[in-house]
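This is what each chain is made of:
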Amino acid sequence: MTQRDLLTASAIETEGFTLETLTPLFMHGNRKNLEVRVPSIKGGLRYWWRTLQDSPSKELIKRETAKFGGITGDQGCRSPVRFRLELSETKMDSSPLLPHRTSKKRYSPAIGAHQSLRLLMVHLKRDAESAGEDGLTLKEEHSLYVRWMLLLSGFGQRARRGAGAVQYEGFQWRTSSDIQNTLRDLLTRLKRDDAFQFPPPESGCLLRRKEKPQRIHPQINAVWVGEPSLSAEKARERISRAGNRANSGGGPLGSSKPRFASPLHCTVRRVGQGYVPVITEVTSRDMEKNHYRDARNRFLQILGVNV
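The structure displayed is predicted, hence computed values, not measured ones.

Within this structure, the stated rule accounts for 5 aromatic pairs. With a centroid separation of 5.1 Å and an interplanar angle of 85°, the aromatic rings of Y168 and F171 are classed as edge-to-face. Across the pair, F171 and Y168 agree in class, each one buried. One aromatic cluster is present, built from ring pairs that chain together F17, Y168, F171 and W173.

So, in structure tokens, the structure goes:
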């Protein structure tokens, strides 16, 4: 995407996503140069795109490169989509990374709760109108996957344990059934709904994969919603405590030594007047083992999910 293209208004198409921070967004960089890195957002989008793909590795890399850019072998491919993040008078705050701790809390700078962000998705018009998959244009496909990411993901440090939770203004939910309906709608439009079943939402489980996937990269296995809290920060504190109690000292729910990312992504979303934990499980090497299942179920039970 050249500078000339960007300066020619008719040559580009832009879609905006207005977001509100619900919990502290811990940014990267030193204290004098903190930033929310756009490449990390795009990397997150690629990750959440892969969670719904069950292609062999070589085909997966080829498809991903065509959609997001990159290098395959000796061939480079420019990205057909770019992102910009606008921070509208955001206020810096200092919050504990581990809110469950009653003493020796480590405070870090962050964008505070209830701040407005705007994520802009930019395509050249010719790219926006080019064919994607399953009858969608490339822009339509990217737009749906951005919503998929904004539904299940947090951003920044400790995002898998409730930090960096954001609420997209297009998600106005009154009950957990509304979240399930959004999940179902996105998967249907992406032609991925056949791989999942949708249990009664009062069970706490909103989505579950029907069959074990054939590929080894992380893929969506299940999504749960826990009990509501009166504030988003209370929900984050409960998530942090659940991680500590269910995975004390490191283990199947994530470890620093050896490095192992948790297969449970837990963020916070506003539903009605409350704030609920939304827990997404991706497939992992240990998911069939008893020690993992015991730790996962303990984590879910602390968050109010009946398992």
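Approximately 1200 Å³ is the volume found for the largest pocket. Together, 43 residues line the largest pocket, and R158, A159, R160, R259 and S262 are the ones closest to its centre. Considering each element in turn, the lining of the largest pocket owes the most residues, 5 residues, to helix α2 (residues 38–50). For the lining of the largest pocket, a count of residues per class yields 13 nonpolar, 22 polar and 8 charged. Approximately 210 Å³ is the volume attributed to the second largest pocket. Residue classes in the lining of the second largest pocket are distributed as 4 nonpolar, 4 polar and 7 charged.

This next bit is on the pattern of salt bridges. Per the stated rule, a full pass over the model turns up 20 salt bridges. Here E227 ties to R238 by a salt bridge, and the two come within 3.0 Å at their closest N and O atoms. Taken together, the residues span a long stretch of sequence, with E227 in the loop between β12 (220–225) and α7 (232–246) and R238 in helix α7 at a distance of 11 residues. Residue E227 is classed as partly exposed on the basis of its relative accessible area of 39%. Each of R63, K67, E133, D134, E141 and R192 takes part in a single network of salt bridges with overlapping partners.

Cut-offs used in this document
- Within every chain, residues take consecutive numbers counted from 1 along the sequence as written.
- In keeping with the predicted nature of the model, local features appear solely for residues at pLDDT of at least 70, side-chain atom pairs appear and are counted solely at 80 or more, and the whole-chain, interface and lining totals rest on all residues.
- Hydrogens and waters are ignored; side-chain quantities use all the structure's heavy atoms.
- Each Phe, Tyr or Trp ring, with Trp reduced to its six-membered ring, pairs with another whose centre is within 6.5 Å; inter-plane angles below 30 degrees give stacked pairs, above 60 give edge-to-face pairs, and intermediate values give tilted ones.
- Think of it in three bands: residues with accessible area under 20% of the maximum for their type are buried, residues over 50% are exposed, and the middle band is partly exposed, with areas taken using a 1.4 Å probe on protein chains only.
- With a 1 Å grid laid over protein atoms only, a set of points is called a cavity when a 1.4 Å probe fits there but cannot get out and a pocket when it is open yet has protein on both sides within 12 Å along at least five of seven lines; lining residues have an atom within 4 Å of a point.
- Grid points are joined across faces, edges and corners, and a volume is the space filled by probe spheres set on the points.
- Strands here mean DSSP runs of E at least two residues long; helices mean DSSP runs of H or I at least four residues long; both are numbered from the N terminus.
- Each residue is assigned to one class: nonpolar for Ala, Val, Leu, Ile, Met, Phe, Trp, Tyr, Cys and Pro, charged for Asp, Glu, Lys and Arg, and polar for all the others, Gly among them.
- Salt bridges, as used here, are contacts in which a Lys or Arg side-chain nitrogen is within 4 Å of a carboxyl oxygen on Asp or Glu.

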